[in-house]
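Spelled out, the chains give:
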Amino acid sequence: QVQLVESGGGLVQAGGSLRLSCAASGRIASINTRGWYRQSPGKERELVAGITVGGNTNYADSVKGRFTISRDNAKYTVYLQMNSVKPEDTAVYFCNWQVRQTVWSPWSDYWGQGTQVTVSS
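Below, the structure is looked at part by part. In this text, all values refer to a predicted model and were calculated from it rather than measured experimentally. In every chain, residue numbers begin from 1 and rise along the written sequence. Per-residue local features of the predicted model are confined to residues with pLDDT of at least 70, and side-chain atom pairs are confined, for both listing and counting, to 80 or more; whole-chain, interface and lining totals are unaffected and use all residues. To obtain the side-chain values, all non-hydrogen atoms of the structure were used and water was disregarded.

1. Topic: the nonpolar core
- Grouping buried Ala, Val, Leu, Ile, Met, Phe, Trp, Tyr and Cys residues that are joined through side-chain atoms within 4.5 Å yields what is termed a nonpolar core. Only protein chains enter the accessibility calculation, which uses a 1.4 Å probe. A residue is then buried if its area is under 20% of the maximum for its type, exposed if over 50%, and partly exposed in between. Within the largest apolar cluster, 28 residues are counted, with the highest numbers of intra-cluster contacts made by W36, L80, M82, Y93 and W97.
- Strands here are runs of E lasting at least two residues and helices are runs of H or I lasting at least four, both read from the DSSP assignment and numbered beginning at the N terminus. Mapped onto this core, the elements with two or more residues apiece are β1 (2-7), β3 (18-26), β5 (46-51), β7 (67-72), β8 (77-82), β9 (91-100) and β11 (115-120).
- It is β9 that provides the largest number of residues to this core, a total of five residues.

Okay, structure coming up:
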């Protein structure tokens, strides 16, 4: 199995910054895409930022220029640097990794437990 553990969430004032981390453990043979999603009450989970194995990134329009996704392959960790946060960024943030546990396994999606981010105005 693969476990993902997020950290770094909390309460922050509008205009401030937070850095989320997502650390993976378990049996991982190959990594495909990794991403951060968020979900607020009454809304569907949405993609915030993604990074491919080649390092290409993509962002939701609402966070472009404010959030940055990065990775540390040696530490099996992905980060989300959140700057200039807004009250509408308030949500539970989840990380997602698409991995194979062996070279013969199919690609599978794994999710973290989520970390709450609350932005006060």
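2. Describing the sheet that holds β8
- Any two strands are treated as partners once DSSP identifies two or more bridges connecting them. Overall, antiparallel pairing links the four strands, which are arranged β1-β3-β8-β7 in an open sheet. On the outer flanks of this sheet lie β1 and β7, each paired with one strand and no other. Between one strand axis and the next, the sheet turns through 15° on average, direction left out of account.
- Relative to β3, β1 runs antiparallel, the two sharing six bridges. In the strand pairing of β3, L4 is matched with A24. Orientation is described by lines fitted to C-alpha atoms, with helices fitted over the stretch in contact, and by angles between N-to-C directions that extend from 0 to 180 degrees.

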